[in-house]
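Below, each chain spelled out in residue letters.
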Amino acid sequence: MANNQQANETEQLRQRNRELSILNTIAQSLNREVDLAQALHTALSHIVDLFDLRTGWIWLLDEETDTPYLATAIDLPPVLANNPEAMQGHRYCYCLDTYQSGEMSGASNVSLVTCTRLRDLIDGAGQIQNHASVPLYAHGKPLGLLNVLSEDWRELTEDELRLLYTVGDMLSIAIERARLFATSTQYGILEERHRLAREIHDTLAQALTAISLQLETADVLLDAGASYDKAHTLVMQALELTRSTLEEARRSVLDLRATPLVGRTLYDAVSALIVSFKDAHDITVKFTMRERRPLSPHIEMSLYRIIQEGLNNIATHANATQVTLTITSSPEQLRLVLKDNGIGFDAEQLLPDDSYGLIGLNERVRLLGGNLDVSSTVGQGTQLNMTIPLVKGEILP
């Protein structure tokens, strides 16, 4: 009696080890792939092999229309492979209809007679008697259906169905992850377009305008008979600015977002930016940064670009002589105040071309989840108040 119990326990342990090995193999195959089609095909290959199955296929529901389509299949038997219409998702199917109606809650065996998709092919099905269906869900949302046929056309056991249902959960997670990745990629492409537009306005457009002015001035000097040295100096300055602009263009395209911050803190990078700004425009800048805590690279780079754009706007439109920049941060939020003593403006009289810089600033702040408040009076300067919330992970330890 004791020997029988020990033998049963040994067999159960062997079975559990096999199940864990199967789950581990499939999990690894899913984790290695980001592309949804490849991930499902690889996982299905392992499922067919590790469960000693004859064939299998996966239906997925289109995210927009909920129409089922065949996502992947492995070694379809001739009765299916030679009848493409049988594997079209729009065809009425008992399994899919039951699944989409919410009546299929777990893995189950479905007889060939019951399966409306396959019963018309019963004459050519040979020994095929049934297949197993495994529903795929993510947080209660229907994703699709896994169908498999055993090697000897038998019904799958309860243990096999239970394990397949667990595998179905893993597939569901992989499907949801792949779709989220695809969505984030599309969002990233859109964000990249916006980023490039901001980069062009922040750096390239400003620099190209300066280059154009220098070359036009040199041309006027030459036409007026001025000395060669004066025109040559302007041309050389334009050439130097062209080189730095070209490098900035390369950095923008390559998305070297942290380039101005490489090897430097945000405080040091902004200080260097202010020195260049003062040299170029003869405008005094008082810079104060309280609580110099390190922030995430994304936040720091965004702040750098916000400050850069704000200073460019002042140089272009404000006719100011003094600027005050203050950055204050706490664990919950960051506040940036940029104030000038320039000519100010009336928001109702602002032309579209003049407001583009403010639009760009507002977009940058909004992308960080923050708020921008603009206060200006004609003849009394302008003050920009930016408040940006900080979440866990944006302030580094």
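Structure: above.
Residues numbered from 1 in each chain as written. Predicted model: local features only at pLDDT ≥ 70, side-chain atom pairs only at ≥ 80, totals over all residues. Heavy atoms only, no water.

K.L.:
I'd like a rundown of the environment of Leu136, residues and numbers included.
P.N.:
On the secondary structure map, Leu136 appears in strand 4 (residues 130–138). Measuring from C-alpha to C-alpha, the distance between Leu136 and Ser172 comes to 5.5 Å, with 36 residues separating the pair along the chain. (Helix = DSSP H or I, 4+ residues; strand = E, 2+ residues; numbered from the N terminus.)

K.L.:
Pulling in residues and values, what's your account of the environment of Arg162?
P.N.:
Within the element layout of this structure, Arg162 appears in helix 5 (residues 158–223). Sequence-wise, Arg162 and Val134 are 28 residues apart; in three dimensions their C-alpha atoms are separated by 9.6 Å.

K.L.:
Can you lay out the pattern of salt bridges for me, pointing to particular residues and giving the numbers?
P.N.:
Taken as a whole and judged by the stated rule, the model has one salt bridge. Here Asp159 ties to Arg162 by a salt bridge, and the two come within 3.6 Å at their closest N and O atoms. Here the residue Asp159 and the residue Arg162 both occupy positions in helix 5, the gap between them amounting to three residues, near one helical turn. Overall, Asp159 belongs to the partly exposed group, its relative accessible area being 40%. (Salt bridge = Lys/Arg side-chain N within 4 Å of Asp/Glu carboxyl O. Buried < 20%, exposed > 50% of the residue type's maximum accessible area, 1.4 Å probe, protein only.)

K.L.:
Which residues make up helix 7 (residues 266–281), and what are the values?
P.N.:
Because each turn of an α-helix spans 3.6 residues, side chains separated by three or four positions in sequence point in the same direction. With 16 residues, helix 7 should reach 22 Å at 1.5 Å per residue; the first-to-last C-alpha distance of 22 Å fits that figure. Buried within helix 7 we find Leu266, Ala269, Val270, Leu273, Ile274 and Phe277. Down the axis of helix 7, the sector holding all buried residues measures 135 degrees, keeping them to one side. Looking at the buried positions of helix 7, the neighbouring elements they touch are strand 6 (284–290), helix 8 (297–318) and strand 7 (322–329). Asp282 sits one or two residues past helix 7 and shows a positive phi near 55 degrees. (Expected span 1.5 Å × (residues − 1). Arc of directions from axis to C-beta. Contact = heavy atoms within 4.5 Å.)

K.L.:
Any chance you could break down the sheet that holds strand 7 for me, citing the residues and the numbers?
P.N.:
Reading across from one edge, 6-7-8-10-9 is the order of the five strands in this open sheet, with mixed pairing throughout. Edge positions in the sheet fall to strand 6 and strand 9 (371–376), since each has one partner strand and no second. Taken pair by pair, the neighbouring strands of this sheet meet at an average axis angle of 10 degrees, ignoring direction. With seven bridges joining them, strand 7 and strand 8 (residues 333–340) adopt antiparallel strand pairing. (Pairing = 2+ DSSP bridges. Axes fitted to C-alpha atoms, helices over the stretch in contact; angles between N-to-C directions.)

K.L.:
Describe the packing of aromatic side chains, naming the residues involved and giving the relevant values.
P.N.:
Under the defined criterion, the tally for this structure stands at two aromatic pairs. Measuring from ring centre to ring centre gives 5.2 Å for Tyr99 and Tyr137, while their planes differ by 50 degrees; the resulting arrangement is tilted. With Tyr99 in helix 4 (residues 94–100) and Tyr137 in strand 4, this pair connects stretches of sequence that are 38 residues apart. Taking the relative accessible area as the measure of exposure, Tyr99 reaches 1% and is therefore buried. Tyr137 gets classed as partly exposed once you look at its relative accessible area, which sits at 25%. Pairing Tyr267 with Phe287 gives two aromatic rings, centres 5.2 Å apart and planes at 20 degrees, and the pair type is stacked. Here Tyr267 is found in helix 7, whereas its partner Phe287 is found in strand 6, with 20 residues between them in sequence. For Phe287, a relative accessible area of 15% puts it in the buried group. (Phe/Tyr/Trp six-rings, centres within 6.5 Å; stacked < 30°, edge-to-face > 60°.)

K.L.:
Which residues make up the packing of helix 7 against helix 8, and what are the values?
P.N.:
In the contact formed by helix 7 and helix 8, the axes pass within 11 Å of each other and the chain directions differ by 15 degrees. Judged on the interaxial angle alone, helix 8 and helix 7 are roughly parallel. In this structure, helix 7 crosses over helix 8, and the sense of that crossing is right-handed. Across the interface between the two elements, Leu266, Ala269, Val270, Leu273, Ile274, Phe277 and His281 from helix 7 touch Glu300, Leu303, Tyr304, Ile307, Gln308, Leu311 and Ala315 from helix 8. (Parallel < 35°, antiparallel > 145°, perpendicular 65-115°, else oblique. Left-handed = near helix turned anticlockwise from the far one by under 90°.)

K.L.:
Please set out the side chain of Ser329 residue by residue, giving values where relevant.
P.N.:
Relative to the helices and strands, Ser329 resides in strand 7. Each residue touching Ser329, except ones within four places of it in the same chain, is listed here: Arg290, Glu291, Arg293 and Leu334.

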